[in-house]
Every structure is written in structure tokens, then in C-alpha cells.
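# Coordinate analysis (summary)
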Amino acid sequence: MNETKTKKVVLFFPDPVRGNDKAPAAASPGFPMSILALAGPLRAAGYEPVLIYEGIEDDLDARFTEACRGAICLGISSMTGNQLRGAIEYARFVRRRFPGMPIIWGGYHPSIMPEQTLAEDYVDAVVRGQGELGFVEVVRRLEGGQDLSGVAGVSYKDASGRMLSNPARPPVDLAQLPPLPYELLDIEKIIIRNSPGFRSLQYLSSTGCPFNCGFCAEPLVNKRKWLGRSADQVVRDVAALVADYRLDHLTFIDPNFFVSLKRSREILRGMLDAGVRIQWSAVARVDQVLKFDDELWKLIRDSGCRSLGVGAESGSPEILSMIDKRITVEEIYECSRKMRDNGVGGIFSFMVGFPLERDSRREEMMRTVAAAKTVKSIFAEIKTPICYYAPYPGSPLFPYALKMGFSAPATLEGWSDFGFTSVTTPWVSEQEKDFIERCSTFYFPIAYPDERVQKNLGSGMMRLPFSVMQRLARVRVKRDVYNLPVEWHLAKLVARAMGSRDPFLISQFYS
Ligand code: B12
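These lines cover the structure that appears in this document, whether it is placed above or below. (Residues numbered from 1 in each chain as written. Predicted model: local features only at pLDDT ≥ 70, side-chain atom pairs only at ≥ 80, totals over all residues.)

## Some details on the overall build of the chain
Quick reminder of the rule: Per the convention used, a helix needs a DSSP run of H or I reaching at least four residues, while a strand needs a run of E reaching at least two, with both numbered from the N terminus. Taken over C-alpha atoms, the radius of gyration is set against a globule rule of 2.2 Å times the number of residues to the power 0.38. In this scheme the burial state of a residue depends on its C-beta neighbours within 10 Å: 20 or more other such atoms mean buried, 12 or fewer mean exposed, and anything in between means partly exposed; the C-beta positions come from the backbone. In this description, any two residues whose backbone-derived C-beta atoms lie within 7 Å of each other are considered to be in contact.
When its secondary structure is counted, the chain shows 21 helices and 16 strands. The C-alpha atoms of the chain give 24 Å as radius of gyration, which agrees with the globular expectation for 511 residues (24 Å, within 12%). Projected onto its principal axes, the C-alpha coordinates of the chain cover approximately 70 × 55 × 45 Å. Expressed as a percentage of the 511 residues in the chain, the buried residues total 45%. Restricting the contact set of the chain to residue pairs at least 6 apart, pairs at least 24 apart contribute 75%.

Next comes the structure, spelled out in C-alpha cells:
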């Protein structure tokens, strides 16, 4: 196809949970932050970024066909797992329709596995790690018809198809980058799709995390380097977003929002001073929460904190040490008490099913179930989801999981079926999965209902069945007896008859 060249650069953000009907409600709404971050510097360099977010498109084929006409290249973003499905499908589609168009991949998965990604004929180059500056350089080279030799952080194939890898690019401070150009996205459509009736958006105030948790890919991708925008800039950006899009809520999607308590304090005070009236959520580590003083707690409450996401991970001291979490089980409880005393709810996520021998794994699982129960009993406004450990490539524990018999997908496409709800690790049985699901999504939230569950299920038509279930759940939880779960099966049957896989629709009221 002979086309007039433009300054267009097409960026694609596939649906992160495509085809995954088990993804928790909280995981469904993706937000195309990665391509938004790339679009700012591209625009500043004179290019015309065109953003395609699978989650809000009605006709992707038509959208790609239109967007790619005359464009310099296509950039695709993906993390490991189901997001690769749309990524692969549309890389193939564009390769067929626009055979000469370079296709550049970036994001967590290609950064962790650049060679396996490049092995596919619909991948020409991979930008590893942070992409804002590297991608502008790549686009300039492609526009000028030059190759990618010497562009830091890029792995690519040369004209003969040989794979080459340039040295890494040092991380760049977000403060040096232009603001995120939200106006390039159809924000109204995203808000309506992701949180109907509740106007919520995401914002990134910092990148990187200085810790090294064994299950997390972050240390490999961002090299444990934490870089934050200044408090002033964050307050200005947040105030503008809230005003422009009439937000009720904002999620700080930083890997670790509270690395600098000084900065967090300044941001929250700044939001209050600027008259920003919203609810917000962010993640925090247990040890950071334990360092909050009374003044910071007051700022957290007054500025509208809706929820703190805390990685509690395990009730087993051995596992906490194995994953280098640098917290104790007692600190997890202390953190729950602090949140209760300060009236701030949250989500403490736990994980079981680490690669261990059978007996110690059972013990590990029971300790974690007990810890989740204890947290819930301390403060019902803390949700305690328990997930399965999934060996993410690039994480410190990954080689050990391979040694214990985990068989990693051998192709890019193989990784698209991988996910924390679907992964098969040979050391975990279906019965164990069922047991964990029962405790974490049924018995605990029913025995210790938070305000929302109470409000939605404790009145109206559901009141009687819910109160019967609650009595049973309380007896079970008190005695730690979870076998012969007749009521769980019954509730599942009723749920299925109502077109849901979720007994009592708990997760709907629980996210
Ligand atoms: C928001 C978020 C989500 C959202 C949306 C997904 C998304 N990618 O935005 C939702 C809620 C759907 C989600 C779900 C999950 N997530 Co998530 N999520 C995040 C989070 C918090 C922010 C991602 C983000 O927007 N970052 C900001 C942007 C700017 O950074 P970025 O994506 O890395 O993009 C930069 C570079 O990677 C690069 N880049 C990216 N794309 C491209 C493309 C091109 C062409 C180029 C050149 C460069 C480039 O440049 C960008 C700018 O520097 C991260 C943790 C974090 N704070 O980073 C985890 C994270 C991405 N999630 C992760 C995981 C594991 C999951 C889940 C599997 C489970 C879970 N427990 O959360 C599920 C997936 C569900 C499923 N498949 O079943 C892992 C990914 C690990 C991996 N190997 O891929 C992360 C890193 C968390 C972690 N520390 O382990 N997640």
C-alpha cells in the first residue's frame, strides 16, 4: 500500500483481562496508563500519538485500519498473561494489512522476555523497562529510515533477522517528563465502562520500588529505583484531573506510594489546601503504615482515603522470610489494629501455594488462612483476598519454581494463557484451591461483613438467607471447621441459576 507518510504513531493497550472470566472484579477495569505515559514525550517531540484502548473500542479492526494508515509505527504494550491475547491478535492483523509497518513492543512482559518476544515475526523491536524517552528515539530512527543500533534499552532484529540487544537505559525522573495527556483518551467512555455511577480515574505519582519481594517482577524491570514526581506537581495534576473530569475518586497506581512519607504528607496536605474533595486509594507496605504518625493519619482520613492496599502476603514467618517481605506476622496484625483505630479500611492481599513440599505447604496454607481470619476479626473493613502464587517470569522466586517442577510456557502465545487465577503449578491441588476460595470469598466476608456487604445483604429480600448463612459461617470460622461445605455448594447453585459464579454476589459488593 503506497501511502502519504504522516507524523502518526499508533499505540495499543490491549484488554488486560481478555477472556478471563475468573479475574476478580477489582482486576477488570484496566486503564491504559503505559501508552498515555508514552504519548506525552511523543507529542512534545512533534509526533501525533493515536491511542487505541481495547476496553472501549467497538470495532477494533476498523480502528486499526484507519489509525495505521500512513503511521510511522505501531507500539504495543503488554504485561504477562491475558493482555498478550489482544496484543498478539492485533500485531498479526497489522502485519497482514500493513506489511511494511514496524511493530515495537514494550511493557512488563516484553521487558522480561525480550528474546522470546522478538522470536515472533510480528515483533520488530522491544523497548525494555521505562519507555518514554527510548520510544521517542526509536520513532525518530524509524522515521529517518535508520536502524536501532545504539538506542539504549532496545532489543531488535537487524535487516537479516539477527537479534541484537543494546545496553539498558538509566531510569528517568518523571519530573522531567511532560504531564500525562489524558485528553488524548476518551476519558468519559473509560469512566463509564470502568466504574459506572462512580467517577474514578488512575494517576501515577511515582515509579519503581526499592524492595525485592520474591514474587514480584518490579525489581527486574525498574531496577529497584524509586522516582517520584514532586508533591507540588502531584497536587496540581490531581486538582486539574478532579476538576476536568468531575472525579469522585482517584487511584494512585504507584508500585509504592509511601516510599517518602514526607512527600506523601505534602501531597495530602496540598490536596486539602487546594480544596480537592475526592476519595482516593493507594498501596502501602505494612512497615510503612506502622510508621504513620497521628498527623499523617489525620491527613489520610481528612483527604478522603477510601482504601489502602497492603501486601500482607502470608501468615507463615518462613514464607515471609523466603519472599524477603521484611515484615512479621505480628506486624500485619498491628497494622490492622492501626487501620481500625484510625478508621481507614483497605485490602490486605494474601498468597498461598508457594513452591514447597506437601506437608510444609499445608502448614503454610493453614497459617495464612488463620492470619487472614485474624485480620478480618480485628477490622471487618479490611478485605482479605487470598490468591495463589503464580510464578511470574523475572521475579526472584521464578528459578526456584522451575526447579520445583513448574513448566513455563515456551512461546509468547503460551504466556497469554498464564494468570494468577489460571496458572497450574504442579504442587497445588484443585481441592486446595477450592478450600481457599471458600474461606476468602465466602466464609470470612460473611462471618465478618464490612459495611457494604452488611448494607447490601443484611436488608431486603436477602436478609433472611444471609442471616442463616452468617450464623453457619460464624460457627465454622469460630471452630475452624470448613469440611462438608453444603451451604457453599448451595449458594453456588443459586448464584449460577441467577447467572453469576459468585455466591451471594459477594465480590460485587466487595471490590
Ligand atoms: C494498573 C495495574 C493493573 C490494571 C491494568 C493493567 C495495566 N497494565 O495497566 C489491572 C487492575 C487490570 C491489573 C491486573 C493485573 N495485574 Co497489574 N498492575 C497494575 C499496576 C499497578 C500499574 C501499571 C501501570 O499502569 N503502570 C504505569 C505505567 C506508566 O508503567 P508501565 O505499564 O510499566 O509502562 C511503562 C513501561 O513498561 C514501558 N512500556 C509499557 N508499554 C509499552 C509499549 C511500548 C511500545 C513501549 C515502547 C514501552 C512501553 O513504558 C511505560 C512508561 O515508562 C502495576 C504495578 C505498577 N505500579 O507498575 C501492576 C502490574 C503491571 N500488574 C501485575 C500483575 C501480576 C497483575 C495481575 C496478573 C494480578 C494482580 N495480582 O494484579 C492482574 C492481571 C489480570 C489477569 N490477566 O488475569 C504485575 C505484572 C507482572 C508482569 N510480569 O507482567 C505488575 C507489575 C505488579 C507487580 N509488581 O507484580 N493490573
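## Topic: the site of the ligand
We count it as follows: What makes a residue near a molecule or strand is its C-beta atom, placed from the backbone, lying within 6 Å of it. Start and end points for every domain follow an automatic or database-based domain assignment.
The ligand sits among 42 residues. The nearest are Gly 75, Ser 77, Met 79, Gly 106 and Gly 131. Only helix 1 (33-44), strand 3 (73-77), strand 4 (103-106), helix 4 (108-112) and helix 6 (132-143) provide two or more residues apiece to the shell around the ligand. Ranked by residue count, the leading element in the shell around the ligand is helix 1, at four residues. Each of two domains, domain 1 (8-165) and domain 2 (174-444), supplies a minimum of three residues to the shell around the ligand.

## Observations regarding the packing of helix 1 against helix 6
To keep it simple, the criterion reads: Axis lines are fitted through C-alpha atoms, for helices just across the contact stretch, and the angle between N-to-C directions can take any value from 0 to 180 degrees. If an angle is under 35 degrees, it is roughly parallel; if it is over 145, roughly antiparallel; if it lies from 65 to 115, roughly perpendicular; otherwise it is oblique. Take the far helix as the reference: if the near one is turned anticlockwise from it by less than a right angle, the crossing is left-handed, and if turned clockwise, right-handed. Residues are grouped as follows: Ala, Val, Leu, Ile, Met, Phe, Trp, Tyr, Cys and Pro are nonpolar; Asp, Glu, Lys and Arg are charged; all remaining types, including Gly, are polar.
Following both chains from N to C, one finds helix 1 and helix 6 inclined at 55°, their axes separated by 9 Å at the closest point. The pairing of helix 1 with helix 6 is recorded here as oblique in orientation. At the point where helix 1 passes helix 6, the crossing takes the right-handed sense. Residues Ala 37, Leu 38, Pro 41 and Leu 42 of helix 1 lie in contact with helix 6, whose contacting residues are Glu 132, Leu 133, Phe 135, Val 136 and Val 139. Taken together, the residues that form the contact of helix 1 with helix 6 break down as eight nonpolar, no polar and one charged.

## Thoughts on the nonpolar core
Definition in use: In this description, a nonpolar core means buried residues of the types Ala, Val, Leu, Ile, Met, Phe, Trp, Tyr and Cys, linked to one another by C-beta atoms lying within 7 Å.
Ranked by size, the top nonpolar core spans 139 residues in total, and within it Leu 11 and Leu 74 carry the most contacts. Element by element, the count of residues in this core is highest for helix 18 (residues 430-447), at seven residues. Beyond its immediate chain neighbours, meaning those up to four positions away, Leu 11 contacts Ile 35, Leu 38, Ala 39, Pro 49, Val 50, Leu 51, Ile 52 and Gly 75.

## Here we look at the packing of helix 14 (residues 329-341) against helix 15 (residues 358-378)
Between helix 14 and helix 15, the least distance of the axes is 9 Å, while the angle of their chain directions is 20°. Of the possible angle classes, the one that applies to helix 14 and helix 15 is roughly parallel. By crossing handedness, the relation of helix 14 to helix 15 is classed as right-handed. Judged by residue contacts, Val 329, Ile 332, Tyr 333, Ser 336, Arg 337 and Arg 340 of helix 14 engage Ala 371, Thr 374, Val 375 and Ile 378 from helix 15. Looking at the contact of helix 14 with helix 15, its residues break down into six nonpolar, two polar and two charged.

## Section: the environment of Arg 169
Checked against the element boundaries, Arg 169 lands in the loop between strand 7 (163-165) and helix 7 (187-194). For the pair formed by Arg 169 and Val 151, sequence separation is 18 residues and the distance between their alpha carbons is 8.5 Å. For Arg 169, the contacting residues outside a window of four places in its chain are Gly 129, Gly 134, Ala 152 and Gly 153.

## Some thoughts on helix 1
Quick reminder: α-helices carry 3.6 residues per turn. Residues three or four places apart thus point the same way. Inclusion rule: What a helix should span is 1.5 Å times the count of its residues minus one.
With 12 residues, helix 1 extends 17 Å from end C-alpha to end C-alpha; this agrees with the ideal 16 Å at 1.5 Å per step. Turning to helix 1, its buried residues number three or more, namely Ser 34, Ile 35, Leu 36, Ala 37, Leu 38, Ala 39, Pro 41 and Leu 42. Of the residues flanking the end of helix 1, it is Gly 46, one or two places downstream, whose phi is positive at about 95°.

## Examining the sheet that holds strand 6 (residues 154-157)
The pairing of strands in a sheet comes from backbone hydrogen bonds and takes either a parallel or an antiparallel form. Rule in force here: DSSP bridges decide pairing: two strands pair if at least two such bridges lie between them.
If you trace the seven strands from one edge of the open sheet to the other, you get 2-1-3-4-5-6-7, paired in mixed fashion. The sheet is open, and its two edges are formed by strand 2 (48-53) and strand 7, each paired on a single side. In this sheet, adjacent strand axes meet at a mean angle of 20° when their direction is disregarded. Pairing geometry for strand 6 and strand 7, over three bridges, is antiparallel. Within strand 7, the residue paired with Ser 155 across the bridge is Ser 165. Running at roughly 165° to strand 1 (residues 8-13), helix 1 makes contact with strand 1, strand 2 and strand 3 of the sheet.

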